[in-house]
Amino acid sequence: MVPISYYLVLSGILFACGVTGFLIKRNIISIFMSIELMLNGVNLSFVAFAAQWHALSGQIFVFFVMVVAAAEAAVGLAIIIAVYRTRETLNIDQVDLLKL
Amino acid sequence: MQERGRDDLTSVGGPVLSAVEGTRALLRNNALNITTFIIVSLIKTVLALFVLLTAVAYTVWLERKVVGHMQNRWGPTRVGPFGLLQPLADGVKFLFKEDLTPPHVYKPLYIAAPMIAVIFALTSIAVIPVGNSITLGSLHIPLQITDVNIGLLIILGVTSLGVYGVALAGWSSNSKYSLLGGLRASAQMISYEISLGLSLVGVLMLTGSFSLRDIVDTQGGTFWGFIPRWNIFYGGQFIAFFIYLISAYAETNRIPFDLPEAETELVAGYHTEYSAMKFAMFFMAEYANMITVAAVASLLFLGGWHGPVVGPPILRALLPVFWFVLRIFGFLFVYIWVRGTLPRFRYDQLMAFGWKFLLPLAIANLLVTALVVALRA
Amino acid sequence: MTHLIIFLFFGALCLAGAVNLLVQRHPINSALSLVVVMGSLAVEYLLLGAEFVAAVQVIVYAGAVMVLFVFVIMLLNAGEEVRTKGSRVAMLFGIPGMLVGSALVGWVLIERTGSQTVAAGALPGAPRTIGWLLFHNFLLPFEVTSILVLIAIMGAVVLASHPDTDSGKKKS
Amino acid sequence: MPLQPAITDLEQLKNHPAVAKLMAWNPAAVEGAKFDRDEMSIYLERSCIRDACVLLREDADCPFNYLADVTCVDWFPSEPRFEVVYHLLSISRKERVRLKVRLEGSSPALDSVTAVWPAANYFEREVFDLFGVRFSGHPYLRRLLMPEDWEGHPLRKDYPVEGYR
Amino acid sequence: MILNMGPHHPSTHGVLRLILEIDGENIVRIMPDIGYLHTGIEKTCEAKFYQQVVPLTDRIDYLCPLTNNLCYVLAVEKLLGLEIPPKAQWMRVMLNELTRINSHLVWLGTHALDIGAMTVFLYCFREREDILRLFEMVSGQRMMTSYFRIGGLALEPPLGFFERVQDFAKRFPSKVDEYENLLTGNPIWGMRTKGVARITAEDAILLGASGPTLRGSGVDFDLRRDIPYSGYENFKFKVPVSQDGDVFARYMCRVQEMRESIAMVQQAVDGMPEGPIKAVAPKVILPDREMMKTQMEALIYHFKIITEGFAVPAGEVYQAVESPRGEMGYYVVSDGTAKPYRIHMRSACLANLQALPSMCEGRLLADVVAAIGSIDIVLGEIDR
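Note that the coordinates shown come from a computational prediction; the quantities given were computed from them, not determined experimentally.

What counts, and at which threshold
- Residues numbered from 1 in each chain as written.
- Chains lettered and ligands numbered in written order.
- Predicted model: local features only at pLDDT ≥ 70, side-chain atom pairs only at ≥ 80, totals over all residues.
- Heavy atoms only, no water.
- Core = buried A, V, L, I, M, F, W, Y, C linked by side-chain atoms within 4.5 Å.
- Buried < 20%, exposed > 50% of the residue type's maximum accessible area, 1.4 Å probe, protein only.
- Helix = DSSP H or I, 4+ residues; strand = E, 2+ residues; numbered from the N terminus.
- Contact = heavy atoms within 4.5 Å.
- Buried area = accessible area lost by both parts, 1.4 Å probe.
- Salt bridge = Lys/Arg side-chain N within 4 Å of Asp/Glu carboxyl O.
- Polar contact = N/O pair within 3.5 Å; in protein donor to acceptor, adjacent residues only side chain to side chain.
- Nonpolar A, V, L, I, M, F, W, Y, C, P; charged D, E, K, R; others polar.
- Patch = residues over 30% accessible without salt bridge, like charges linked within 9 Å, V, L, I, M, F, W, Y side chains within 5 Å.
- Areas by Shrake-Rupley, 256 points an atom, 1.4 Å probe, with all protein chains shown as cover.
- Phe/Tyr/Trp six-rings, centres within 6.5 Å; stacked < 30°, edge-to-face > 60°.
- Pairing = 2+ DSSP bridges.
- Axes fitted to C-alpha atoms, helices over the stretch in contact; angles between N-to-C directions.
- Parallel < 35°, antiparallel > 145°, perpendicular 65-115°, else oblique.

Undergrad: If you had to explain the nonpolar core to someone new, which residues and values would you point to?
TA: Membership of the largest hydrophobic core comes to 168 residues, with the highest contact counts inside it found for Tyr244, Leu300, Phe301 and Phe331 of chain B together with Tyr45, Met66 and Phe69 of chain C. Sort the elements by how many residues they give to this core and helix α3 (residues 51–76) of chain C lands first, with 20 residues. Counting 107 residues, the second largest nonpolar core, distinct from the first, contains Leu89 of chain D together with Ala117, Ala209 and Ile262 of chain E.

Right, here's the structure in full:
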């Protein structure tokens, strides 16, 4: 018997970790992973709420989030590859110009 | 207290899927106590692992023997009659070989990679049923470590994690050949997993369940008098079966898709830098994966363990297992046969084949099956 | 009781993974930590009774998305990241934002503990039910998502292919 | 078949297509010729080897379009010491001709024919490696068979040899 | 990324080292680096008598020793002006064609193995074993035969030899069908070889390619037919030519060549003339054992040939033969003594290898393996 709030706390901390990573990481790929971490935190809260309210919509939502995350990962990583090809770096500080 | 205990009993299984489902099933059937359950599960697990590992070893022997005969050779003959003890000798050799770790590797991942590969390869056996249940006194034991209602999904999930072993081995070896092998492997496995998954969806539509036992149960009997109601015939999943076959070859890195370890191009691909037991682990993982893939093919397309059953009760219980093993053996034989026959694809051809041919074909098959199912309903 | 222990164990594993993601400087270590996070989250989903979501979590997230990450890290041979000072804006708004978020979490923790509990497998997320919901109540979003995925795949192919060579042959 | 004596008189050999062509182009380029054992050798002046090769390759009725071999012979104590030997083949006429260039022993060098036949690349590198003949205009004149840091040129006759001889 | 392929890599056929500059799997630049098998045979030859060089020529190209024997022997015979009796010539042609089949079998096996077809390799070695047994029967050696001597052959072919050759010649065409069944129509084989490592006829000529590499590009030139030697003009055979210039074209050329070769072996067996196997030149050719024991003169010649060799008139000769790999040429310079002044071996593989970069640049890594296989290099011959 685990209180539902425990799950929420866990999801909150995961989300906070994601935000922190987004702020302190300097490698594009790591930053991208932090975003995934945030999404995962949110997913957990969705599932937890679904369990709380006995409604499956929460799980369906998670399903959508995952699909979108997969699509996002494909595009995002493609962009990273393209950026790396032109700039030869993955450091976010050196990719701050729109044009070379 | 009794209520409470049972409740806790249920929750024991939570993480370990097997326990949850197994407990439920057992509780439903016989109201066994927890000790019996654990003991039975343990015995089953140990037995399954033992059988699987032996099967892995003898698949290697079988491959060497069959390919040998296809190529005018004898294969192993020296160790034991017909070289039957060869796997044992190989195992001993691997154990006592010096375990080299090259100085330039990234050690934690270098060591972890083969373990990841072998663990995920062995895990999927947990949800594969090998036959009906047997009854020992009051015990009613299904021949399966655990019957989960998302069994197929678990197999897909676990095999999709197997790619980490290969990819990390390639990366952590810090060698160019390994890296290329790892890159090839991960790209190939991701690509072909999609076709593999899609080829299974047709069967799922026909059955309406993820549980492997349910899937097999629907394939019993015959139609038109003599043709067995296997999915490959009755369900019209002929094309799906071949898509599965091809994708499975690619998933297990076997010729003609053995690019990640193509020895004439990449020396040995992702396991170039591995030796001794670590190498043996990759080897075991590859063959365990082959067996899993063969088992899934038998369950989903070839009617699982259905076959003529006669004789006393114990034979009635064990004959299905024999039929099932026979199918796996047949599938493995095709694996070996293909290895003796075909050359290897080139990397871009492999990708093009997967994305431009196999995937559209799988989708088309899916649409047709969906239409048939919809019209039948 | 066991339920709680399992929750705590995998919760802790999950958090350890998340923190490790932040601490590690090499992207591949971060990626593997994220895989651990996802794996333990899948177990948490199981605890919540969402079997299907757990399986999909493993297949899609751990099995596909993260493999893609690892693949790209290997492909670009990304090295250790160089720590530099983050942007001022991030520090100015990010840190307070973090603090507020944590405070919120703390408040929830203190206020709401024990209000409601959930038993293992309380809500069986059977694939059949989920499928039914997806193709009835959520048909439109489902179709929209599939189009989105299609566009994303095409976009990824276009972006990743070399502009000069033929290519576009591998999506990953 | 008893051996016929070699014909070395340029006048008698004028009818050979390669000799005729070269003589018509630049009589000074041809230092001599020899017809021995059914094989035609033409001695060329050092500086015109590349142009002579172009000429023979572009010949309309007997193009020696295939460079079969480039090698060298070291006549050590005598001078001119080195003889660089080119074997040309006419695929259409099924005929061979041998071009020879004599070089002095001190810092032997001549023009590379890699621009005429890319095939000469390895052959010339090999000659450079083993004889120390330099080919000017060669794109990548490095040792081919011997290690990069090897000293001396082994096929020269004055290269010290140890052991059984 | 710079990738060092070789010198010990499973598919570089020996000790070839390729320095590949790659971008992902695409080849940007190829730099072959050779010399790992350099044995200095050309230098060694200068210290040997003429007849002592024959065994050295075996070691150059260990897949077709008899072709090398033949080429060297022909060159020296030309220097000496020797007339070779017809039986020796026919034997030479027959053994040469067997050698060609032998070499092509090794090529086909390893080439197929490079592309992943393992079974062909073992099938090819099955027939190669038969040929090696024939060699052993006729010369006492499986690989380093040294069977040809200056002025003829070393020994009379043993009793029953021609029957066994005949037997092999009967069997072999069906075996070639077997290899072709496994490869020619195989779609994967086609995908891996067709359009891969293409080279045009002009480039092939300019790069000095020869043999099947040249004929695969559509240049109809074969030394056996066009500049015949050793009695090849007595044989009827077709020269297979393909137009495409890719790996598949070279593959087809060689497979057809195997069929033609076995037909020539058959012709040689059928029309084998009777007569001596050595030329009449007592100063050059070792006398028979029997003669040595009975005739004083023979004993003296034997002693002189063994101890001080035989003098060869001054001059120079370039003799080329069509080896399985292309134009194998020996440039022999004599200064009138018993030791060759200079021997240069024109290696077909060295020239063919030069074509590799232009074949593969811009293609994929796997194509390099296919291309190396298709030009059929033997490092012993390249490095000498």
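Undergrad: Mind laying out the interface of chain C and chain B, listing which residues take part and the relevant values?
TA: Tallying the contact residues gives 36 residues for chain C and 35 residues for chain B. Between chain C and chain B, the buried area comes to about 3,100 Å², and carbon and sulfur atoms account for 73% of it. Our count for the contact surface shared by chain C and chain B stands at zero salt bridges. Remark: the boundary between chain C and chain B carries three residue pairs in polar contact (both at pLDDT 80 or more). Breaking the side of chain C that touches chain B down by element, the ones donating at least two residues are α1 (2–23), α2 (27–47), α3 and α5 (127–136) of chain C. Classifying every residue of the side of chain C that touches chain B by side-chain character gives 24 nonpolar, seven polar and five charged.

Undergrad: So, unusual backbone geometry: which residues are in play, and what are the values?
TA: Following Glu79 of chain D, the chain continues into Pro80 of chain D via a peptide bond in cis, with omega recorded as -5°. When you line up the elements, Pro80 of chain D lands in the loop between β3 (66–74) and β4 (82–90). Located in the positive-phi region is Asn72 of chain B, a residue other than glycine, with phi close to 65°. With respect to the element layout, Asn72 of chain B can be found in the loop between α3 (34–70) and α4 (86–96). If you check the backbone angles, Ser107 of chain D has positive phi at about 40° while not being a glycine. Mapped onto the elements of the fold, Ser107 of chain D is located in the loop between β5 (95–103) and β6 (109–111).

Undergrad: Break down a nonpolar patch on the surface for me, with residues and values.
TA: Residues and elements named next belong to chain B. A cluster of nonpolar side chains, contributed by Tyr58, Phe82, Leu84, Leu85 and Leu88, occupies part of the molecular surface with about 490 Å² of accessible area. With respect to the element layout, Leu88 can be found in helix α4. The exposure class assigned to Leu88 is exposed, which follows from its relative accessible area of 59%.

Undergrad: Now, about the side chain of Arg143 of chain D: what can you tell me, with residues and values included?
TA: All names here are of chain D. Mapped onto the elements of the fold, Arg143 is located in the segment after β7 (134–136). Of the polar contacts made by the side chain of Arg143, one reaches the side chain of Asp129; its length is 2.5 Å. A polar contact of 3.1 Å, which involves the side chain of Arg143, links it to the backbone oxygen of Trp150. Apart from residues no more than four positions distant in its own chain, Arg143 is found in contact with Arg125, Phe128, Asp129, Glu148, Trp150, Glu151, Gly152 and His153.

Undergrad: Kindly report on the packing of aromatic side chains, identifying the contributing residues and their values.
TA: The full count for this structure, using the stated rule, is 45 aromatic pairs over all chains. Geometrically, the ring pair formed by Phe241 of chain B and Phe301 of chain B is edge-to-face, given 5.5 Å between the ring centres and 70° between the ring planes. One end of the pair, Phe241 of chain B, is in helix α9 (residues 238–251); the other, Phe301 of chain B, is in the loop between α11 (276–300) and α12 (313–341), with 60 residues separating them in the sequence. No difference in accessibility class separates Phe241 of chain B from Phe301 of chain B, as the two residues are buried. Considering the side-chain rings of Phe9 of chain C and Phe10 of chain C, the 5.1 Å spacing of their centres and the 90° angle between planes classify their relative orientation as edge-to-face. Residue Phe10 of chain C is classed as buried on the basis of its relative accessible area, which comes to 17%. Through successive ring pairs, a cluster of aromatic residues spans Phe238, Phe241, Phe242, Tyr244, Tyr249, Phe301, Phe331 and Tyr335 of chain B.

Undergrad: For the pairing of strand β2 (residues 39–44) of chain D, give the residues involved together with the corresponding values.
TA: Residues and elements named next belong to chain D. Of all six residues in β2, six are buried; the element is thus mostly enclosed. Summarising the sheet, strand β1 (residues 30–36) and β2 pair through six bridges and their orientation is antiparallel. The residue bridging Lys34 from the neighbouring strand is Ser41, located in β2. Hairpin geometry of β1 and β2 is characterised by an intervening segment of two residues between the two adjacent antiparallel strands and by a positive phi of about 50° at Arg37. Relative to β5, β2 runs parallel, the two being bridged by four bridges. Residue pairing for β5: Tyr43 is matched across the bridge by Lys100.

Undergrad: Give a description of the arrangement of the chains that names residues and reports values.
TA: When the five pairs of chains in contact are ranked by number of contacts, first place goes to chains A and C. Separated in space, chain B and chain D share no contact, their closest pair of C-alpha atoms being 25 Å apart. One thing to see here is that chain A and chain E don't touch, and their nearest C-alpha atoms sit 11 Å from each other.

Undergrad: Any details on the packing of α2 of chain C against α3 of chain C? Residues and values, ideally.
TA: Residues and elements named next belong to chain C. Contact pair α2 / α3: the axes reach a minimum separation of 9 Å and the direction vectors enclose 175°. Taken together, the axes of α2 and α3 lie roughly antiparallel to each other. On α3, the residues that touch Pro27, Ile28, Ala31, Leu34, Val35, Met38, Leu41, Ala42, Tyr45 and Leu46 of α2 are Glu51, Val53, Ala54, Gln57, Val58, Tyr61, Ala62, Met66, Val70, Ile73 and Met74. Class assignment of the residues belonging to the contact of α2 with α3 gives a composition of 19 nonpolar, one polar and one charged.

Undergrad: Please provide a residue-by-residue account of the interface of chain C and chain A, values included.
TA: With 78 residues of chain C at the interface, the matching set in chain A holds 67 residues. For the pair chain C and chain A, the two sides together bury roughly 6,600 Å², of which 79% comes from carbon and sulfur. Where chain C meets chain A, there are zero salt bridges. Element by element, the count of residues in the side of chain C that touches chain A is highest for α3 of chain C, at 14 residues. A class-by-class count of the residues in the side of chain C that touches chain A yields 53 nonpolar, 19 polar and six charged.

Undergrad: Give a description of the sheet that holds β1 of chain D that names residues and reports values.
TA: All names here are of chain D. Across the sheet, which stays open at both edges, the five strands sit in the order β1-β2-β5-β4-β3 with mixed pairing between neighbours. The sheet is open, and its two edges are formed by β1 and β3, each paired on a single side. Strand-to-strand, the axes of this sheet are offset by a mean angle of 20°, without reference to chain direction. Relative to β2, helix α1 (residues 17–25) is tilted by about 20°, and along the sheet it contacts β1, β2 and β5. Running at roughly 170° to β5, helix α2 (residues 49–58) makes contact with β2, β4 and β5 of the sheet.

Undergrad: Run through the environment of Phe94 of chain B, naming residues and quoting values.
TA: Residue and element names in this part refer to chain B. Relative to the helices and strands, Phe94 is located in helix α4. The exposure class of Phe94 is buried, given its relative accessible area of 14%. Sequence separation of Phe94 and Ser275 is 181 residues, and the distance between their C-alpha atoms is 8.3 Å. Among residues more than four places away in sequence, those in contact with Phe94 are Ala276, Met277, Phe279 and Ala280.

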